[in-house]
Amino acid sequence: MNAIEMARSFYGNALPGLRDTRSTEQVIFSRITAALIAAEGANFPTKVKALYDNRRLWTWLAADVASAQNQLPADLRARLFYLAEFTLDYSSKVLREGADLAPLIDINRAMLLGLAPRQKEPA
């Protein structure tokens, strides 16, 4: 099961009508990033839940890019895997030491930009 299939199973029918993987990834990253933003000044349980969901997403993404079936270019797969490792490690730092959520939010926002529909260049 790849990361998107796992994410769909995690979110169930919360993503009706989406047809492509990129749109699904974008919706999931958007929801989880919004939860991280909301958790910035929230109580500890809210922060833990947002971090848990973000870690699950990045764990699935790491497993997907590590798969031999993944068709992304090798250098992009390696960079995404590194981001997953950083995200998982930094999340622990947030929980242990109270580190700021901003780096995790920034990474997810960068992912959202990368997943955004591409504008066609004028002819």
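Scroll up to find the structure.
The structure displayed is predicted, hence computed values, not measured ones.

K.L.:
For this particular structure, what's the right way to read the overall build of the chain?
P.N.:
From N to C terminus, the chain includes five helices and zero strands. Across the 123 residues in the chain, those meeting the buried criterion constitute 36%. Long-range contacts, defined as pairs at least 24 residues apart, comprise 56% of the intrachain contacts of the chain with a sequence gap of at least 6. Surface summary for the chain: the accessible area is close to 7,600 Å², and the carbon and sulfur share equals 56%.

K.L.:
Help me understand the nonpolar core, please; the structure alone is not making it clear to me.
P.N.:
Here is a general trend for soluble globular proteins: nonpolar side chains tend to be buried in one another's company. The biggest cluster of nonpolar side chains holds 14 residues, and the ones touching the most others in it are Phe29, Leu57, Trp58, Leu61 and Met111. Breaking this core down by element, the ones donating at least two residues are α2 (21–39), α3 (44–66), α4 (74–97) and α5 (102–115). Top element by residues in this core is α3. It accounts for five residues. Contact partners of phenylalanine 29, with chain neighbours within four places excluded, come to Leu57, Trp58, Leu61, Asn108, Met111, Leu112 and Leu115. Ranked by size, the runner-up nonpolar core spans ten residues in total, among them Ala50, Val94, Ala99 and Leu101.

K.L.:
I keep staring at the packing of aromatic side chains and nothing clicks. Help me out?
P.N.:
Each aromatic ring pair is summarised here by two numbers: the centre-to-centre distance and the angle between the ring planes. Applying the stated criterion across every chain, the model contains two aromatic pairs. When the ring of phenylalanine 29 is compared with that of tryptophan 58, the centres are 5.6 Å apart and the planes differ by 80 degrees; the resulting orientation is edge-to-face. One end of the pair, phenylalanine 29, is in helix α2; the other, tryptophan 58, is in helix α3, and 29 residues separate them in sequence. As far as burial versus exposure is concerned, phenylalanine 29 and tryptophan 58 are alike and both buried. Relative to tyrosine 90, the ring of phenylalanine 86 has its centre 5.5 Å away and its plane inclined at 15 degrees; by these criteria the two rings are stacked. Pair noted here: phenylalanine 86 and tyrosine 90 are both in helix α4, with a separation of four residues, about one helical turn. Phenylalanine 86 gets classed as partly exposed once you look at its relative accessible area, which sits at 28%.

K.L.:
Help me out: how do you make sense of the environment of methionine 111 in this one?
P.N.:
Mapped onto the fold, methionine 111 is located in helix α5. Take methionine 111: its relative accessible area is 14%, and that puts it in the buried class. Sequence-wise, methionine 111 and phenylalanine 29 are 82 residues apart; in three dimensions their C-alpha atoms are separated by 7.6 Å. The residues touching methionine 111, leaving out its near neighbours within four places in the chain, are Phe29, Trp58, Leu61 and Leu80.

K.L.:
Is there a simple way to think about the environment of leucine 88 in this case?
P.N.:
Topologically, leucine 88 is positioned in helix α4. Leucine 88 gets classed as partly exposed once you look at its relative accessible area, which sits at 26%. Between the C-alpha atom of leucine 88 and that of tryptophan 58, which follows or precedes it by 30 residues, the distance is 7.4 Å.

About the thresholds
- Every chain is numbered on its own, with residues counted from 1 as its sequence reads.
- With the structure being a predicted model, the display of local features is reserved for residues of pLDDT at least 70 and the display and counting of side-chain atom pairs for 80 or more, all residues being used for whole-chain, interface and lining totals.
- Hydrogens and water molecules were not included; the side-chain quantities draw on all heavy atoms of the structure.
- Segments assigned H or I by DSSP are reported as helices when at least four residues long, segments assigned E as strands when at least two residues long, and all are numbered from the N terminus.
- For each residue, the accessible area found with a 1.4 Å probe, counting protein chains only, is set against the maximum for its type, and the residue is called buried under 20%, exposed over 50%, and partly exposed in between.
- In what follows, residue pairs with any heavy atoms lying within 4.5 Å of each other are defined as contacts.
- Methods summary: accessible areas were calculated by the Shrake-Rupley approach with a probe of 1.4 Å, and residue burial reflects only the protein chains presented.
- In plain words, nonpolar cores are sets of buried Ala, Val, Leu, Ile, Met, Phe, Trp, Tyr and Cys residues tied together by side-chain atoms within 4.5 Å.
- Under the pairing criterion, centres of Phe, Tyr and Trp rings, with the six-membered ring standing for Trp, must be within 6.5 Å; the plane angle then separates stacked pairs below 30 degrees from edge-to-face pairs above 60, leaving the rest tilted.

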